[in-house]
Amino acid sequence: MPFETIEDVTSADVAVRVTGRSTGELFMSAGEALRAIMLRDPGRPAAGTELSFELRAVSTEMLLFAFLEELLFHKDADSLLVIPSMVDVEHGPDGASLRCVAIAEPIDPGIHDFIVDVKAVTMHRFSVARVNGVWTATIVFDV
Amino acid sequence: MKPGQLQRISDYCYEIPRDARRGMRVPARIYANEEILRSMDDAVFEQATNVAMLPGILKYALCMPDGHSGYGFPIGGVAAVDPENGGVISPGGIGFDINCGIRLLATSLTLGEVKAHIQPLVDRLFARVPAGVGAAGEITLKGSKLDEAMTKGALWAVQNGFGVQEDLEYCEENGCMEGADPEAVSHKARERGKSQTGTLGSGNHFLEIQVAKKAGISDEKTARAFGIDRDDQILVMIHSGSRATGHQIATDYLQRFLSVQQRYGINLPDRELACAPLYSEEGRAYFGAMNCAINIAFLNRQLIMHRVREVFADYFKKSPRELGLRLVYDVCHNTAKLESHEIDGGPRKLLVHRKGATRAFAPGMRGIPERYMPYGQPVIVGGSMETGSYLCVGTARASESFFSTVHGSGRLMSRTQARKQFNGRDLQRSLGEKGIHIRTASFSGLAEEAGGAYKDIDEVVGAAFGAGLCAPVARLVPLGNVKG
């Protein structure tokens, strides 16, 4: 499992620790965690269209924030569950950028059993670090 | 920090002294009785001490008896800052669901008249009020129509046929917050919430049919003034907020404040407390955008209430007026408002952050509807669907808390713990056996909202009363609930 719930951070919201061998994998895990928090049985994408987007930020950390925020935006603005299938992260002197290819699945109450809605990614204890070769992020979602 | 390390100020107030942690500008005070204090997780105390570090904070960082850990501020957190002296505004002191709040609708119906009809009524409410993730409202707000809605709030709804003029009188700020600046709202925030106005949402948002039983009335005179004037009277409670518009506005400005706060010499231990002086370019912009979200939430609850009136009118084949469907009051939970409070013997304009806390103005204070002036502001405290809720009233003793009090019962268990312990379908069944009919958009989400996941609301309201934050008026017992 590339993510685990952390119990002692917040009682009102949901905190997770996600890991990956690369930043791309870390971002994929974070997207998977977000979906697992919201859905009872995330499973595989049922049917959808391909969607891709690019993002840029001042740091890897803020890029992860922007990435998760993008997924939340599509959920509310377009009623789409965006399920990343590839995230390519690049690091440069001015920050970090990514290109994501994803499946965008229309939200259907008949298919998707939502546990909660995630309203936002918070900056509370938000962190991205590489420890012993493993990328780890701590994320608290507002639900 | 552990509860034992806090200094006892009274039976209902405990203090974390200013010297407990470096950077605290004022002490932190937790309102609770001993039992509630012991039930609070350590993160509450840590978050309260972080709040005590906010530039411009006055007197105390406060936490109400329903306090529990969140992000930035604890839920139940209150902080007043002096904007004239560098006082800051922080999205983390308001929450992402800006102006999440509760309104209470009275009816002239009694339990005897409604008891046999609870199930079909709840079913019709569930069908008529969009709830859960992905649910869209009946109106889409875009462009200049959205600008107008963000500026007018509940007034926009009334002007467009979703309610009556009298409704506005019984909302905080008359349902229309001044100082809204649509230009400060991003394209992303406009897009994200465009279809969600008039929807309940999910999580702890709900729509509930309740009864005020005679035995639960603790202040008959005030209850009568608020419109509870007969035995076993039926009421409807609506709990929702500004939906995705508010979530995105808070997200946008959290990022903006993170990038500028160093310029203002601000360095706080939790980045979720990112902030800027209210009287700065960024602070003013967020204030204007936040006020737009406050208005969207007023509008949202007004639209939901309108649907409730339609359902009742259609079901009982009587007009809303004949059914006595009158708004008791609408309160905000997640806001920062400019208010006048007495500091050092004189009035001063302060920015009061309340995150999961309710304004509770005392009798005679400006801002209360004329009809309620001799009694105080109604305070609506939303409990769990199992245990019930309260209608309370503001008291003069609450000046110490900047006239703030509890907003709910407060979580005892994390969401994951609750899901491990309770099963949504079993809960629906057992509540049904107790005569509480539940409809939900999510059974897994329902488990997270089980009564056992929350503090005892009687204890919480008792502690708020003991601390002088508000006084109970009527206990409201659930009969049927629509859960988002």
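Quick caveat, the model's predicted, so the values are computed rather than measured.

A. The overall build of chain B, seen in detail. Scanning chain B from N- to C-terminus turns up 15 helices and 19 strands. With respect to the three principal axes, the spread of C-alpha positions in chain B is 60 × 50 × 45 Å. Out of the 484 residues belonging to chain B, those deemed buried represent 67%. Long-range pairs, those at least 24 residues apart, make up 77% of the contacts in chain B between residues at least 6 apart in sequence.

B. Layout of the overall build of chain A. Broken down by element type, chain A carries two helices and eight strands. In chain A, the succession of α and β elements from N to C terminus is β-β-α-β-α-β-β-β-β-β. For chain A, the C-alpha radius of gyration of 14 Å lies close to 15 Å, the compact-globule estimate for 143 residues. By its C-alpha atoms, chain A is 45 × 35 × 25 Å across when sized along the principal axes. With 143 residues in all, chain A has 61% of them scored as buried. Considering only residue pairs separated by 6 or more positions, chain A has 66% of its internal contacts joining residues 24 or more positions apart. With an accessible surface of roughly 6000 Å², chain A has 48% of that area assigned to carbon and sulfur atoms.

C. Structural context of the interface of chain B and chain A. On the chain A side, the residues contacting the 42 residues of chain B number 37 residues. Of the roughly 3300 Å² buried at the junction of chain B and chain A (both faces included), carbon and sulfur atoms supply 51%. Looking at the side of chain B facing chain A, the largest losses of area belong to Val133(B), Arg192(B) and Arg271(B), adding up to 21% of the total buried there. Our count for the chain B to chain A interface comes out at six salt bridges. Lys188(B) is the partner of Glu69(A) in a salt bridge, and the nearest nitrogen-oxygen pair spans 3.1 Å. Linking chain B with chain A are 24 residue pairs in polar contact (both at pLDDT 80 or more), by the criterion used here. Sorting the residues of the side of chain B that touches chain A by element identifies helix H2 (42-51), strand S4 (61-71), helix H8 (187-192), helix H10 (243-260), helix H12 (415-421) and helix H14 (443-448) of chain B as the ones contributing at least two each. No other element matches the eight residues that H10(B) contributes to the side of chain B that touches chain A. Here the side of chain B that touches chain A is built from residues that sort into nine nonpolar, 18 polar and 15 charged.

D. Highlighting the sheet that holds strand S5 (residues 73-81) of chain B. Residue and element names in this part refer to chain B. What the seven strands build is an open sheet, ordered S1-S2-S3-S4-S5-S13-S12; its pairing is mixed. The open sheet has two free edges, formed respectively by strand S1 (7-10) and strand S12 (334-343), since each of these has just one partner strand. Averaged over all neighbouring strand pairs, the angle between strand axes comes to 40°, with direction disregarded. Pairing between S4 and S5: four bridges, direction antiparallel. Looking at S5, one finds that Cys-63 is bridged to Gly-77. Packed on one face of the sheet, H2 meets strand S2 (13-16), strand S3 (28-31), S4 and S5 and runs near 110° to S4.

E. Quick peek at the packing of aromatic side chains. All chains considered together, the criterion is met by 13 aromatic pairs over all chains. Aromatic pair Phe27(A) and Phe67(A): ring centres 5.5 Å apart, planes at 45°, arrangement tilted. With Phe27(A) in helix H1 (residues 23-38) and Phe67(A) in helix H2 (residues 60-78), this pair connects stretches of sequence that are 40 residues apart. Note on Phe27(A): relative accessible area 0%, which makes it buried. Residues Phe226(B) and Tyr372(B) carry aromatic rings whose centres are separated by 4.7 Å and whose planes lie at 70° to one another, so their mutual orientation is edge-to-face. Taken together, the residues Phe226(B) in helix H9 (residues 220-226) and Tyr372(B) in the loop between strand S14 (358-359) and strand S15 (378-381) connect sequence positions 146 residues apart. A network of ring pairs unites the aromatic residues Tyr170(B), Phe226(B), Tyr329(B) and Tyr372(B) as a single cluster. Across from the ring centre of Tyr454(B), 5.0 Å away, lies the NZ or CZ of Arg411(B), which sits over that ring.

F. Molecular detail of the environment of Ala52(B). Residue and element names in this part refer to chain B. The topology assignment puts Ala-52 in the loop between H2 and S4. Judged by relative accessible area, which is 0%, Ala-52 ranks as buried. Taking C-alpha positions, Ala-52 is 20 Å from Arg-359, a pair spaced 307 residues apart along the chain. Ignoring anything within four residues of it in the chain, the contact list for Ala-52 reads Gly-23, Met-24, Arg-25, Val-26, Pro-27, Ile-57 and Ala-61.

G. Representation of helix H15 (residues 457-466) of chain B in the model. Residues and elements named next belong to chain B. What H15 keeps buried is the set Ile-457, Val-460, Val-461, Ala-463 and Ala-464. Angular distribution of buried residues about the axis of H15 spans 155°; they occupy a single face of the element. Contact partners of the buried residues in H15: helix H1 (34-39), S4, S15, strand S16 (389-393), strand S17 (404-405) and strand S19 (471-483). The N-terminus of H15 is capped by Asp-456, whose side-chain oxygen sits 2.8 Å from the backbone nitrogen of Asp-458. Among the residues trailing H15, Gly-468 stands out with phi positive, at a value near 80°.

H. Spatial organisation of the pattern of salt bridges. Residue and element names in this part refer to chain B. Inspection of the entire model under this criterion finds 46 salt bridges over all chains. Between Glu-173 and Lys-337 there is a salt bridge whose closest N-O contact spans 2.9 Å. Within this pair, whereas Glu-173 is found in the loop between helix H7 (165-169) and H8, its partner Lys-337 is found in strand S12, the two being separated by 164 residues in sequence. Among the salt bridges present, the one from Glu-339 reaches Arg-354, with a minimum N-O distance of 2.8 Å. Of this pair, Glu-339 sits in strand S12 while Arg-354 sits in strand S13 (residues 346-355), and the two are 15 residues apart along the sequence. By relative accessible area, Glu-339 is classed as buried at 7%. Taking relative accessible area as the criterion, Arg-354 reaches 1% and is therefore assigned buried. A network of salt bridges, in which partner residues are shared, links Arg-411, Arg-415, Arg-419, Glu-448 and Glu-449.

About the criteria used
- Residues numbered from 1 in each chain as written.
- Chains lettered and ligands numbered in written order.
- Predicted model: local features only at pLDDT ≥ 70, side-chain atom pairs only at ≥ 80, totals over all residues.
- Heavy atoms only, no water.
- Helix = DSSP H or I, 4+ residues; strand = E, 2+ residues; numbered from the N terminus.
- Buried < 20%, exposed > 50% of the residue type's maximum accessible area, 1.4 Å probe, protein only.
- Contact = heavy atoms within 4.5 Å.
- Rg over C-alpha atoms; globule rule 2.2 N^0.38 Å.
- Areas by Shrake-Rupley, 256 points an atom, 1.4 Å probe, with all protein chains shown as cover.
- Buried area = accessible area lost by both parts, 1.4 Å probe.
- Salt bridge = Lys/Arg side-chain N within 4 Å of Asp/Glu carboxyl O.
- Polar contact = N/O pair within 3.5 Å; in protein donor to acceptor, adjacent residues only side chain to side chain.
- Nonpolar A, V, L, I, M, F, W, Y, C, P; charged D, E, K, R; others polar.
- Pairing = 2+ DSSP bridges.
- Axes fitted to C-alpha atoms, helices over the stretch in contact; angles between N-to-C directions.
- Phe/Tyr/Trp six-rings, centres within 6.5 Å; stacked < 30°, edge-to-face > 60°.
- Lys NZ or Arg CZ within 6 Å of the ring centre and 35° of its normal.
- Arc of directions from axis to C-beta.

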